[in-house]
Amino acid sequence: MQLQIRLSESGITIKNQTNESLTQEFISWKNSENVKQILENKFGISPLSIQKLEVEIENSLFLLIPTTYYSTLFLKRFLEISFGKNELDNMEVHSQEVEKEKSQLAFLVSSKWKDYLSFHFPLAKINYHHFIGNQLNQLSKFMRNQFHVWFTNDIAYVILRKNSKLQLVNAFEVKSAIELAFYLHSIRDTFDVNLNKETFTFYGSESLSNEFKNELLKYSIPTNSYEKS
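Analysis parameters
- Residues numbered from 1 in each chain as written.
- Predicted model: local features only at pLDDT ≥ 70, side-chain atom pairs only at ≥ 80, totals over all residues.
- Heavy atoms only, no water.
- Phe/Tyr/Trp six-rings, centres within 6.5 Å; stacked < 30°, edge-to-face > 60°.
- Helix = DSSP H or I, 4+ residues; strand = E, 2+ residues; numbered from the N terminus.
- Buried < 20%, exposed > 50% of the residue type's maximum accessible area, 1.4 Å probe, protein only.
- Pairing = 2+ DSSP bridges.
- Axes fitted to C-alpha atoms, helices over the stretch in contact; angles between N-to-C directions.

In this section: the packing of aromatic side chains. All chains considered together, the criterion is met by eight aromatic pairs. Look at Trp-29 and Trp-113: their rings are 5.9 Å apart centre to centre, the planes differ by 15°, and that puts the pair in the stacked class. Of this pair, Trp-29 sits in the loop between strand 3 (22-28) and helix 1 (35-43) while Trp-113 sits in helix 3 (residues 111-120); the two residues are 84 residues apart in sequence, bridging distant segments of the chain. Using a relative accessible area of 8% as the deciding quantity, one classes Trp-113 as buried. Between Trp-29 and Tyr-116, the aromatic rings sit 5.5 Å apart at their centres with planes inclined by 85°, giving edge-to-face as the arrangement. Of this pair, Trp-29 sits in the loop between strand 3 and helix 1 while Tyr-116 is found in helix 3, placing the two residues 87 residues apart along the sequence.

Our focus in this paragraph is the sheet that holds strand 6 (residues 91-98). Spatially, three strands are ordered 5-7-6 in an open sheet, and the strand pairing comes out antiparallel. Only two strands of the sheet have a single neighbouring strand rather than two, namely strand 5 (62-66) and strand 6. Strand-to-strand twist across the sheet, computed as the mean angle between neighbouring axes with direction ignored, equals 25°. Of the strand pairs in this sheet, strand 6 and strand 7 (residues 103-110) are connected by eight bridges, and their pairing is antiparallel.

Here we take up unusual backbone geometry. Negative phi characterises most residues that are not glycine, and trans characterises most peptide bonds. Not every positive phi belongs to a glycine, and Lys-102 is a case in point at roughly 50°. By secondary structure assignment, the location of Lys-102 is in the loop between strand 6 and strand 7. Here the phi dihedral of Asp-154 falls at roughly 65°; this positive angle occurs in a residue that is not glycine. Residue class for Asp-154 comes out partly exposed when judged on its relative accessible area of 42%.

Structural data, given as structure tokens:
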């Protein structure tokens, strides 16, 4: 049996896709020891029955590297320069291919997260991917201009494609609507793109308040293109 899980700083999201529907459940890290009980009661699944675990990492610790320059020999140094040496402590480096961009997405996974999954799913083969890598692969099917923003857990993820070419992949912490609006408008000005329903899509979690979305709208960020992530 296969199970999908997303890991972020706020907790674990379990997803179970069937032919009929998608069932998902969020578990905060403080309640993470209840994962066995939740799996059995809500999903009717025993952790020991999971043979394959597809894990999506959601954090800002990633780096898109052209395949031409991708080398495991120098990868650690690339990451140290990008994130700082201390950020690599107790982290493991993983990567996934972004074929359309002829690149590799290197990303960091906390050793604590890996230990947690190994303990609770001892028989599962675990595959790691990153949220932004999955989005890049999905969006590469479309050639038109795109400006996508995902806002979740106080982190904004941005992908910008213009004239069929990838221009920007980034993630940054956001504490207020005006801070997010300022950053998005700076991207608009730098790359000369429009923010409208045809080119711009804003995604967010269910917990994103109407107040926050309305404030973005006040700063000319078209949240009428809002979709749930």
